[in-house]
Amino acid sequence: MLGKNEEPTAAEIAQQRRPSTAEAVQNSHRKSVSNKGLTGASALTVRQSLAPIALVTLLFFLWGFAYGLLDVLNAKFQSALNITAAEAGGLQGAYFGAYFIGPLTYSGWIVRKFGYRWTFITGLCIYGVGALMFWPSAVYRSFGGFCGSLFIVGSGLSTLETSANPFIATCGPPRLSEFRLELSQSFQAIGSVMAPLLASRVFFSNTTPEDLSKVQWTYLGIAAFVFLLAVVFYFAPIPEVTDADMELQAEECAGLTGYEDRPLHKQYKLIFGVIAQFCYVGAQVGVAANFIRYAVESAGITDAEGSDRYAIGQGLFAIGRFVAAGCMLRIKPRLILMAFMTGIILFTALAMGVRGEAGVAMLSLVLFFESCIFPTIFTLAIRGLGRHTKRGSSWIVAAVSGGALFPSLTGLLADRHGYHIAMGVPMVGFFVAFSYPIYLNLFCRRELDGFRETRIGYDGDASGRAEGVSGENMKLDLSPSLMEEGKRHAQHQE
């Protein structure tokens, strides 16, 4: 896999000086950092990590807004080009297919080779190019061009997720990892809710279904904005949390978590998490893609009224993320994941069996409980990966490609048996994902709870990682397991 050689070895980490968090903040303007080098950024305090977290959270909101616009713009394209239901499934495949390719190849390599800053910039630029490509697609009314443009947009967004999700999860005290990502993605949900409302009432309020001129100008505006944002990230202070930093952090928590360095193919919590994420995202997209048609069938309402019901469901999704984020300050994330997955299973089953407005309400509550699943699976799955953190994160992001499979299967079953029965397809995906919190609560409690108990990022330590301590002459004081592995690696090299 591209970028595997960019991961540090135990010997390389053991030979390095341990920087302080003050140095990490001072060096946050550096444009390039080696993934094998220690920066001290894995022990940043809440105050030190606040500015970069806020900047990337703004990015979450802005791309959530742009992503919300995509649904409206895509609907305009489909209406103007008379795209069939089968072709609409192809559009889903083009968009989510990019998630399978990007994180496992170029974006995963960029984040390990050049760091988070350049991955942010690359993702924004790819996104901007994709948005620009919609202009000629609209001029020539080309379905193939539309698919290609969506693939490029998906490539850009997958690259952003390859960097933004692990950055938020690792920048700051490790005990707040789940809370940070949940809160940041809450603002993404707000952007996704706001965009369609503004689009329908402001951008496209006085247009005909055949008129694509405003669509073209809107995409042009999105492209200009994301290119400007790429410039902002070039100059912004972004502390680089390397895989070497994450290995050091995992070693420092070993007494609480029982951490042992293992090759990536033996990281079973990660592998199970990738499978769960693939099935969950596929099921989530399957519900979202068919929500309006389900509402029309269940309650006998119009498409416009179904869209209003879906907007309510999206609002519940955004509220659910803030609720989950608040709960994570008091309750262990593995328990929250179990509770919310249980709610999804319950209300999906009720949505399959209940008709009328009550059925629509049940499916809306599914969206509420879906809110925290993706970020919580992400953070729990990369816990304790150490020097494999960035590559493992790429695997989790690649699992978003599940969204290319489930909507088509759901639509196919709906054509034959109706939308209530078709919700059985997402139910299967949710059941697979539900097995993951069961596994975590049975077999991974010590590891996950240990990271919640660590004081890294809160208390200074004698090794000079506290804010303001120079650490210039500090060498690593690693656990015996890492030192022994370093010696074995050095002997093997000889």
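Just above sits the structure.
Each value, and the rule that gives it
Residues numbered from 1 in each chain as written. Predicted model: local features only at pLDDT ≥ 70, side-chain atom pairs only at ≥ 80, totals over all residues. Heavy atoms only, no water. Helix = DSSP H or I, 4+ residues; strand = E, 2+ residues; numbered from the N terminus. Buried < 20%, exposed > 50% of the residue type's maximum accessible area, 1.4 Å probe, protein only. Areas by Shrake-Rupley, 256 points an atom, 1.4 Å probe, with all protein chains shown as cover. Axes fitted to C-alpha atoms, helices over the stretch in contact; angles between N-to-C directions. Parallel < 35°, antiparallel > 145°, perpendicular 65-115°, else oblique. Left-handed = near helix turned anticlockwise from the far one by under 90°. Contact = heavy atoms within 4.5 Å. Nonpolar A, V, L, I, M, F, W, Y, C, P; charged D, E, K, R; others polar.

J.: How would you summarise the overall build of the chain if you had to cite specific residues and measurements?
T.: Of regular secondary structure, the chain possesses 22 helices and 0 strands. For the chain, buried positions account for 59% of its 494 residues. Roughly 19200 Å² of accessible area belongs to the chain as shown, and the carbon and sulfur atoms make up 64% of that amount.

J.: Which residues make up the packing of helix α12 (residues 268-299) against helix α17 (residues 389-398), and what values go with them?
T.: Here α12 crosses α17 at 20°, and the two axes come no closer than 8 Å. Between α12 and α17, the angle is such that the two are roughly parallel. In this structure, α12 crosses over α17, and the sense of that crossing is right-handed. Contact residues: α12 offers Leu270, Ile271, Gly273, Val274 and Gln277, while α17 offers Gly392, Trp395 and Ile396.

J.: For the packing of helix α13 (residues 303-327) against helix α15 (residues 357-370), give the residues involved together with the corresponding values.
T.: Between α13 and α15, the least distance of the axes is 7 Å, while the angle of their chain directions is 30°. In this view, α13 runs roughly parallel relative to α15, as classed from their interaxial angle. As α13 packs across α15, the resulting crossing turns out to be right-handed. Every residue of α15 that contacts α13 at Arg309, Tyr310, Gly313, Gln314, Leu316, Phe317, Ile319 and Gly320 is listed here: Glu357, Val360, Ser364, Leu367, Phe368 and Glu370. Its residues assigned to classes, the contact of α13 with α15 shows 7 nonpolar, 4 polar and 3 charged.

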